[in-house]
Amino acid sequence: MSNTADVLATAENALQPRTAAGPWWALLGRVAANRAALVAVIFIAFLMLVVAFGPWLAPHGYDEQFRGAENQPPWTRMTIEYPENESQAGLQFFPLGTDSNARDTLSRIIYGTRVSLAVGISATFIGLLVGVGMGLVSGFYGGWIDSVCMRFTDTVFAFPSVLLAVAITAIFDKPSLWVVFLALGLVGWTGMARVVRSQVLSLKTRDYISAARALGTGTVRILFRHILPNCLGPVIIVATLSVGGNILGEAGLSFLGLGVQEPYPSWGAMLAEARENYREAWWLAVFPGLAIVLTVLAFNLLGDGLRDALDPKKQQ
Amino acid sequence: MATFLLRRLLQSIPVFIGIILICFALLKLSGDPTNIIASPRATAAERAKIRESLGLNRPWYEQLGRYFRGDLGDSYRHHRPVFSMIMEGAAVTARVAVSAMCIAVCLGLFSGLLSAYRPRTMIDYSSAAISSFGVSVPAFFLAMILTLIFAVHLNWLPIPRPDADWKYLIIPIATLGLLNTAMLARLTRNCMLAEMSEGYVRTARAKGRGPLRTMLTHAFPNVLVPITTVIGTDLAALLGGAVLTETACSIPGLGRVVFQAISERDHPVIIGGCLFFAVIFVTANLVVDLFYGVLDPRIRHNE
């Protein structure tokens, strides 16, 4: 008879989550097989490049003003009447036109990509921490802890999210990007908490958890080594979808004047500026708006693609 | 039924008390509103006078106790009763929200059912593509685009201005209606497709029921529960005021009132607004729960 310690060690090993590259590559393959998700991945990679190399890609600075070239329509080539420095002399090209402060729209959109993606991803990360923590505790402990956590989640969910984020930004005196991260993260964790909780509720009754418990594994280790890795699929889906939601949220807060402050551009702030004169200068609203729509769409399509790829019912 | 209603109403009381307490505590922590209301050069005496006129010099339990007596007080800024300010905003918002939801329910259910009736066809794919766009568009951008097309370019509608007249509300209604249509269409399609693969649907078809009839009389009633839930929460969210759409279309709705109150630290209006949201949310949930019993006889409220 093999000794008991050996059996226990093998059992403990078997309980470890698999970390081999296999399942991840398989997942990637299934996502890539979905054409919409593949296009989305390529677009997101392109956005990452724009974020990384923005200053080199942008034809002009985000706050560079070309006096005399206010509100030029897209595809304008013109000589600046009053060049402020040497680089402005000669023929200038504005592929997406200029705004009422005579700044190049394309350059501002390129710099705005940084704000959108930074907020989208960081706020998702904050939401992930709060939501996963809340969901794990709520689902695992159950009882009155669960009731309190879930009532709290319901209350936050019930609140108009934009107004809640506005209220959080109002607590701080000066609007800044950090406040936006925090506000969106603190508003957007409810979906994650519910998903994680429902996963935990079903996982904690499984035999392998009882086995881990019988081996004397501590609660924290069970939560983080045995339960959390098995929630990863739904967590990744919800996180991807919430990147899109947070980009929309940032655009909304900026639209209300609470995000990044002038002269640094953000897509939502560009739309807010455009409110003044977009009826005459349509490009000021259309291009930043399209940037938002396409980016959010890409993250949503990727999230949908991941959902299909991770759905056991759809696997052949 | 009556006991169910009574129990739910009793259960909502702690929610209201909690919201008043949390709002009150947060607002007290967020600083003295006189700093924003008084001019920066105001003397200490002038500030004290403002504090007295706003009732801020009274002990905190008196300031808090007022809310529990059902008195929302007056706005710090506009010196009008908070209740009437909120009701004025809510009246405009309700018009927009209810009309938008009617559009969304009709179009969303129709296109979702159409997709589910002919899955994986051009109709389904184009409807899915439009829905994907619909859930990715910021409301304020859609409102601006609709204004550009229908008010500026085609000249069919007036340019938005702060007015609650119907003709100025068409663009915000269309905006919110279309956005919610996209969400409902997606939901309806997904729920219906899951339902259509159930055994009882196959049985009905095997018994010779036509495909359309099977879908409408067998599968559709079974997806009404999730759909009603979403319609209820969406309508509640819309009634809470769509700040962004209201800002983009400059309509004086509830979202604007509360947004302005937050930026101006107008505490009584903020608390009043939060309470109003809570009432809307609790009512919407209650109505949805009551509908469950009607839509699905398996759900009973008496135990």
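All values reported here derive from a predicted model rather than from experimental measurement. (Residues numbered from 1 in each chain as written. Chains lettered and ligands numbered in written order. Predicted model: local features only at pLDDT ≥ 70, side-chain atom pairs only at ≥ 80, totals over all residues.)

Peer 1: Account for the interface of chain B and chain A, naming residues and giving values.
Peer 2: Quite often, the size of an interface is put as the accessible area lost when its parts meet. Counting from both sides, the interface comprises 24 residues of chain B and, opposite them, 27 residues of chain A. Elements that contribute at least two residues to the side of chain B that touches chain A include exactly α6 (122-134), α7 (139-153), α11 (243-248), α12 (254-264) and α13 (267-295) of chain B. Tallying contributions element by element places α7 of chain B first for the side of chain B that touches chain A, with five residues. Its residues placed into classes, the side of chain B that touches chain A shows 17 nonpolar, seven polar and no charged. (Contact = placed C-beta atoms within 7 Å. Helix = DSSP H or I, 4+ residues; strand = E, 2+ residues; numbered from the N terminus. Nonpolar A, V, L, I, M, F, W, Y, C, P; charged D, E, K, R; others polar.)

Peer 1: Can you lay out the environment of Thr147 of chain B for me, pointing to particular residues and giving the numbers?
Peer 2: Residues and elements named next belong to chain B. Checked against the element boundaries, Thr147 lands in helix α7. Classification of Thr147 by C-beta neighbours within 10 Å gives buried; the count is 23. It is 7.7 Å that separates the C-alpha atoms of Thr147 and Pro160, two residues lying 13 residues apart in sequence. Setting aside residues no more than four positions away along its own chain, Thr147 makes contact with Val152, Pro160 and Ile171. (Buried ≥ 20, exposed ≤ 12 C-beta atoms within 10 Å, placed from the backbone.)

Peer 1: Just give me the short version of the confidence of the model for chain A, but keep the residues and values in it.
Peer 2: Atom-level detail of predicted coordinates should not be read off regions where pLDDT is low. On average, residues of chain A score 84 in pLDDT, and 92% of them reach the 70 mark or higher. The lowest-confidence element of chain A is helix α1 (residues 4-15) of chain A, averaging 53 in pLDDT; the highest-confidence one is helix α4 (residues 105-141) of chain A, averaging 92. (pLDDT = per-residue confidence, 0-100.)

Peer 1: Requested: an account of the packing of helix α10 (residues 211-239) of chain B against α13 of chain B, with residues and values cited.
Peer 2: Residue and element names in this part refer to chain B. Running from N to C, α10 and α13 point in directions that differ by 160°, and their axes come no closer than 9 Å. Accordingly, the angle class assigned to the pair α10 and α13 is roughly antiparallel. Taken as a pair, α10 and α13 cross one another with a handedness that is right-handed. When α10 is examined against α13, the residues Leu224, Val225, Thr228, Thr229, Gly232, Thr233, Leu235, Ala236 and Leu239 are found in contact with a partner set consisting of Ile280, Phe281, Ala284, Asn285, Val287, Val288, Phe291, Tyr292 and Leu295. (Axes fitted to C-alpha atoms, helices over the stretch in contact; angles between N-to-C directions. Parallel < 35°, antiparallel > 145°, perpendicular 65-115°, else oblique. Left-handed = near helix turned anticlockwise from the far one by under 90°.)

Peer 1: How would you summarise the packing of helix α11 (residues 267-274) of chain A against helix α12 (residues 283-310) of chain A if you had to cite specific residues and measurements?
Peer 2: Residue and element names in this part refer to chain A. The N-to-C vectors of α11 and α12 enclose an angle of 155°; their axes lie 9 Å apart at closest approach. Classified by the angle between their axes, α11 and α12 sit roughly antiparallel to one another. The way α11 lies across α12 gives a crossing that is left-handed. Counted together, Trp267, Met270, Leu271 and Ala274 of α11 and Leu284, Ala285, Pro288, Gly289, Ala291 and Ile292 of α12 form the full contact between these two elements.

Peer 1: Summarise the confidence of the model for chain B; cite the residues concerned and give the values.
Peer 2: Residue and element names in this part refer to chain B. On average, residues of chain B score 84 in pLDDT, and 98% of them reach the 70 mark or higher. Here helix α2 (residues 34-37) is the element of chain B with the lowest mean pLDDT, 74, and helix α5 (residues 82-117) is the one with the highest, 91. Of the two predicted TM-score estimates for the complex, the pTM is 0.85 and the ipTM is 0.83.

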